[in-house]
Amino acid sequence: MAESLPQEMLTYILSFLPLSDQKEASLVSWAWYRAAQNALREVRVLQYNIPMSSASLSAIKSLGLKSVCCISLTNLDGSPASHQVLQSVAYHLGPHLQSLSLGGGSSTEASFVDPILGCLTLRVLDLSGCNSLFTSGTLLAQPKMTHSIQQTLSGLHELNLAGLRDLADLSFNWLSSCATSLERLSLAYCHLTFEPDPARGCISPQDSSPSQFSFRNLLLHALDLSGTGLPPEALRALGQAAGLQLQELNLHSCRDLSTEAVATLCLQQLGLTSLDLSGCSELTDGALLAVSRGLWHLRHLSLGKLQWLTDAGCTALGDLRELQSLDMAECCLVRGRELARALGSVHGAPPHLASLSLAHCSSLKDASVLSMIPALGPSLRVLDLSSCVALTNQTLQAVCTYLTHLSVLRLELCDWGLLGLGEPVHGTQLEHQASGTKDPDPKPQGPSLLMLQALQELDLTACSKLTDASLAKVFPQLKQLSLRLLPALTDKGLVAVARGCPSLERLVLSHCSRLSDEGWAQAASSWPRLQHLNLSSCSQVTNNTGTLDAIGQACRQLRVLDVAVCPGINMAAVRRFQAQMSQVSCVQSRFVGGADLTLTL
């Protein structure tokens, strides 16, 4: 009887069982095993997406019975149907709802306020892109509802107002005054206007005028102002707002900020542990020196795309002893000499540094990196050297020798030969991999990527010197692999990768024009855990031999498939694949079947 039930219904039934009983149920049959796995994933889902429709009312009632606490409502507008959906959410989910997202909707103030009053345990509220709520500029400004709203939002910890074009200072001040426990606030890419005080020529946080945004007396720990066009005087005023003690601050792409304003901020907000200054294109070395000497508790620092940053600004980075991640991507003037001295000084690199990105630092030299790598220590897990075109195999030798605990290594466009990966093996090792037998002597002669056996993500995009023989390596823990734009990769290499990397969950093979159906017929069965597969622009992959069917049968956990611009795949094959693989949530199939791309130009 149970075997005849639809998979979704069986999953729903098993979701009510405790974990121990789900484990026992998974042993009954393959159908029960898949249903138990799906039930386990649903428990871990942080947010249920519910479209605006009268058909959603039954789903909302069902989620209420399961005490779901995180939902997202899409396509909301000012219609009676939307109002009914919101009322149903408040009635069935309100008593235990902790996270509510209305992002991108166009609901009115009237349809928003009444239901929100029923959500007394709300902790997270997402109103990003809800411009219609703020068009009038008087949201929550009516005194008669102030007390009720304050009670409802008194426990709110996180508020997302990103992307609002009509956010008025009055609406924001009313909303923030109701959310007295607010800890995290996002105003990213909002159209904010910062008007200077005509008497003093600056924006003062001491002013109580409702015509200015007020951050006073908020318990904010995290603030996102990325893309807001924040001027230097506004940053100074923000730093000295009464009671404001920030731990995380995101100023990404605030292009008008000055070095002096950042230096002042470092004296005002000494408790910062995370700071994003990426894309603040006017900042110079002085900004990084001020950060390094003033924010000693900093753990996460992003400096990407700082076009004026040079080696001189890196001299004091070693003072940040609690630093865990450092992003200096696209700092094209940094040669690495002073960075190496700072991280390789007497004290060495910060002992907890786990992530370092030097991607697209085109001036980075071998000598600097070679002196830096030995000091990075075993805590480093993520290293990004993508497009560091001046580096050579010597750098990779040092990485393989000293950083054996790496879990993520990105080498996009690093066409160095890649040591063990780039050395020809005359087909011997490749034959072992393709046949499924073990190489009698798999250990490399000298430093090789094979020494990084803890790798879980490897990006070798556009490393054009790689061949089939190069990829006949074993990375048993690897979960994500990108081999985009490898013109020499053939079916033999694909089979070798399948044998050597059996734990892959995400695989990108786009623009590998020599891969064919024959290779996939042999390789697909080696990847039962695969969830994301990108085959876009693989011109020789067709459905003449049932390639998509073979992938669907072998990769039962697949969730996302991209076959865009594959001339040998037709829409009939895509639809058949979708019908057979109900768990696949996204299939990218644009321009399949040899569509004329000139029509899109």
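Rules of the game
- Residues numbered from 1 in each chain as written.
- Predicted model: local features only at pLDDT ≥ 70, side-chain atom pairs only at ≥ 80, totals over all residues.
- Heavy atoms only, no water.
- Helix = DSSP H or I, 4+ residues; strand = E, 2+ residues; numbered from the N terminus.
- Buried < 20%, exposed > 50% of the residue type's maximum accessible area, 1.4 Å probe, protein only.
- Contact = heavy atoms within 4.5 Å.
- Areas by Shrake-Rupley, 256 points an atom, 1.4 Å probe, with all protein chains shown as cover.
- Core = buried A, V, L, I, M, F, W, Y, C linked by side-chain atoms within 4.5 Å.
- Axes fitted to C-alpha atoms, helices over the stretch in contact; angles between N-to-C directions.
- Parallel < 35°, antiparallel > 145°, perpendicular 65-115°, else oblique.
- Nonpolar A, V, L, I, M, F, W, Y, C, P; charged D, E, K, R; others polar.
- Salt bridge = Lys/Arg side-chain N within 4 Å of Asp/Glu carboxyl O.
- pLDDT = per-residue confidence, 0-100.
- Pairing = 2+ DSSP bridges.
- Right-handed = clockwise from strand over helix to strand, strands pointing away.

Topic: the overall build of the protein
Tallying secondary structure elements over the protein gives 20 helices and 20 strands in all. Considering the protein as a whole, with its 601 residues, one finds that 50% of them fall into the buried category. By sequence separation, contacts in the protein at least 24 residues apart represent 77% of the contacts at least 6 residues apart. A total accessible area of about 26600 Å² is found for the protein, and carbon and sulfur atoms account for 54% of it.

Describing the nonpolar core
Counting 162 residues, the largest nonpolar core has Leu161, Phe215, Leu251, Leu301, Met328, Trp520 and Trp527 as its most contacted members. Non-local contacts of Trp520, meaning those with residues more than four positions away in its chain, are made with Leu494, Leu507, Leu509, Trp527, Leu533, Leu535, Val541, Thr547 and Ile551. Residues Leu14, Ala31, Trp32 and Ala36 belong to the second largest nonpolar core, which totals 8 residues.

A word on the packing of helix H11 (residues 259–268) against helix H12 (residues 285–294)
Close contact between H11 and H12 brings their axes to 8 Å; oriented N to C, the two are set at 5 degrees. If you check the angle between H11 and H12, you find them roughly parallel. Residue-level contacts link Thr259, Val262, Ala263 and Cys266 of H11 to Gly286, Ala287, Ala290, Val291 and Gly294 of H12. Residues that form the contact of H11 with H12 fall into these classes: 6 nonpolar, 3 polar and no charged.

Side note on the side chain of Asp311
By secondary structure assignment, the location of Asp311 is in the loop between strand S10 (300–302) and strand S11 (325–327). Setting aside chain neighbours within four positions, we find Asp311 in contact with Leu333, Val334, Arg335, Gly336, Arg337 and Glu338.

Brief notes about helix H15 (residues 393–402)
Of the positions making up H15, those classed as buried are Thr395, Leu396, Ala398, Val399 and Cys400. Buried residues belonging to H15 abut helix H14 (366–376) and strand S13 (382–384).

A look at helix H17 (residues 491–500)
Burial analysis of H17 places 8 of its 10 residues in the buried class, the great majority of the element. If you check which residues of H17 are buried, you get Asp491, Gly493, Leu494, Val495, Ala496, Val497, Ala498 and Gly500.

Some thoughts on the pattern of salt bridges
Counted according to the given criterion, the structure contains 6 salt bridges. The closest approach of N and O atoms between Arg410 and Glu457, which form a salt bridge, is 3.2 Å. Remark: Glu457 occurs in strand S15 (residues 457–459) and Arg410 occurs in strand S14 (residues 408–410); sequence separation between them is 47 residues. We note a salt bridge from Arg576 to Asp549, for which the minimum N-O separation is 3.7 Å. In this pair, Arg576 sits in helix H20 (residues 571–580) while Asp549 sits in helix H19 (residues 547–554), placing the two residues 27 residues apart along the sequence. Owing to a relative accessible area of 35%, Arg576 belongs among the partly exposed residues under this scheme.

Side note on unusual backbone geometry
For Ser387, which is not glycine, the phi torsion reads 60 degrees and is therefore positive. Mapping Ser387 onto the fold places it in the loop between S13 and H15. You can call Ser387 buried: its relative accessible area is 10%.

As for the confidence of the model for the protein
The predicted model of the protein averages 83 in pLDDT, with 85% of residues at 70 or higher. Below pLDDT 50 for its whole length, residues 196–211 participates in 29 contacts with residues either more than four positions away or in separate chains. Note on residues 438–444: pLDDT under 50 across the span, and 7 contacts to partners over four residues away in sequence or across chains.

A look at the pairing of strand S1 (residues 48–51)
Where burial is concerned, the two faces of S1 differ: the one with Tyr48 and Ile50 is buried and the one with Asn49 and Pro51 is not. When S1 meets strand S2 (residues 70–74), the two strands line up parallel, connected through 4 bridges. Note on S2: the bridge partner recorded for Ile50 is Leu73.

Focus on the pairing of S2
Of all 5 residues in S2, 4 are buried, a share of seventy percent or more. Of the crossover connections in this fold, the one passing from S1 over helix H4 (residues 56–65) to the parallel S2 is right-handed. Across 3 bridges, the pairing between S2 and strand S3 (residues 99–101) is parallel. Across the sheet, Ile71 pairs through a bridge with Leu100, a residue of S3. On the question of chirality, the crossover connecting S2 to the parallel S3 by way of helix H5 (residues 80–92) is right-handed.

Overview of the environment of Cys463
Mapped onto the secondary structure, Cys463 falls in the loop between S15 and strand S16 (480–482). Taking the C-alpha atoms as reference, Cys463 lies 8.3 Å from Leu483; in sequence the two are 20 residues apart.

Some points on the environment of Ala375
By the secondary structure assignment, Ala375 is in helix H14. Judged by relative accessible area, Ala375 falls into the partly exposed class, the value being 25%. In this structure the C-alpha to C-alpha distance between Ala375 and Pro351, which are 24 residues apart in sequence, comes to 9.5 Å. Here Ala375 is in contact with Leu343, Gly344 and Ala349, once residues within four sequence places are set aside.

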